[in-house]
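Each chain, letter by letter, is given below.
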Amino acid sequence: MARKVFVSADISIDEQLAEVAERDAQSTLLWPWFLTYLDDWGRGAANAKRLKAKVFPNFEFITIGDVEKALGLFAEVGLVLLYEADGHRYVAIAADKWFRYQTHIRHEKRDHDRSRYPAPPNDTTADTSATSREH
């Protein structure tokens, strides 16, 4: 989990997030919390069970299914990219978008990718479905 993440006020007027809100209000409310799960490069494991345990451990009203649904919606509208590498599923926010808001991350750190999660592929073959595949 990232040590510190900036959540901009612009988040409430993001058109992609508004699209999520039209489909599922709860997923919209999970977005700022979800951001705290990502590492300094805007990546994490796309494992709904692990994400639920790390971000919402004491929120019984949020289920693993809710988290999986939110991940799927975030991917469908283009807020995140879901992709697979080495048989595991990952999630990432495009680097240009991530670093636009995470201004506290030094440029030299941005240039030296030390994420424990693989970078997303540059092509369009990444998985953007909302199917549940726990790894």
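Residues numbered from 1 in each chain as written. Predicted model: local features only at pLDDT ≥ 70, side-chain atom pairs only at ≥ 80, totals over all residues. Heavy atoms only, no water.

1. Some thoughts on helix 3 (residues 48-55)
Rules: Accessible area is worked out with a 1.4 Å probe on protein chains only. A residue is then buried under 20% of its type maximum, exposed over 50%, and partly exposed in between. Numbering of helices and strands starts at the N terminus; helices are DSSP runs of H or I of at least 4 residues and strands are runs of E of at least 2. To obtain the arc, one takes the directions from the helix axis to the C-beta atoms. Pairs of N or O atoms are called polar contacts if they sit within 3.5 Å, as long as, within protein, a hydrogen donor faces a hydrogen acceptor (for residues adjacent in sequence, only side-chain-to-side-chain pairs).
Among the residues of helix 3, A48, L51, K52 and V55 are the ones counted as buried. One side of helix 3 holds all its buried residues, which, seen down the axis, span an arc of 100°. Capping of helix 3 at its N-terminal end is provided by N47; its side-chain oxygen lies 3.1 Å from the backbone amide nitrogen of K49.

2. Describing the pairing of strand 2 (residues 81-85)
What counts here: Only strands that DSSP links by at least two bridges are regarded as paired with each other.
Direction of pairing for strand 2 relative to strand 3 (residues 88-92): antiparallel, over a ladder of five bridges. Opposite L81, over in strand 3, you have A92 as the bridge partner. Linkage of strand 2 to strand 3, two consecutive antiparallel strands, is achieved through a turn of two residues, within which D86 is found at a positive phi near 55°.

3. Re the packing of aromatic side chains
Put simply, the test is: Note on aromatic pairs: the rings of Phe, Tyr and Trp (six-membered ring only in Trp) are paired at centre separations within 6.5 Å, and the planes decide the class, stacked below 30 degrees, edge-to-face beyond 60, tilted for the rest.
Summed over the entire model, instances satisfying the criterion amount to nine aromatic pairs. Geometrically, the ring pair formed by F59 and F61 is stacked, given 5.6 Å between the ring centres and 10° between the ring planes. Accessibility expressed as a relative area gives 26% for F59, which makes it partly exposed. Classification of F61 by relative accessible area gives exposed; the value is 61%. One aromatic cluster is present, formed by W33, F56, F59 and F61 through successive ring pairs.

4. With respect to the pattern of salt bridges
Just so we agree on the cut-off: Between Lys or Arg on one side and Asp or Glu on the other, a salt bridge is scored when a side-chain nitrogen of the former is within 4 Å of a carboxyl oxygen of the latter.
As enumerated under the stated definition, the model contains four salt bridges in all. Of the charged contacts, one joins R23 and E19 as a salt bridge, the two residues approaching to 3.4 Å between their closest N and O atoms. You can see R23 and its partner E19 sitting in helix 1 (residues 15-23), four residues apart, about one turn around the helix. With relative accessibility at 42%, the residue R23 sits in the partly exposed group. The class of E19 is partly exposed, set by a relative accessible area of 32%. Note that E76 and R23 form a salt bridge whose closest N and O atoms lie 2.6 Å from each other. Of this pair, E76 sits in helix 4 (residues 64-77) while R23 sits in helix 1, placing them 53 residues apart in sequence.

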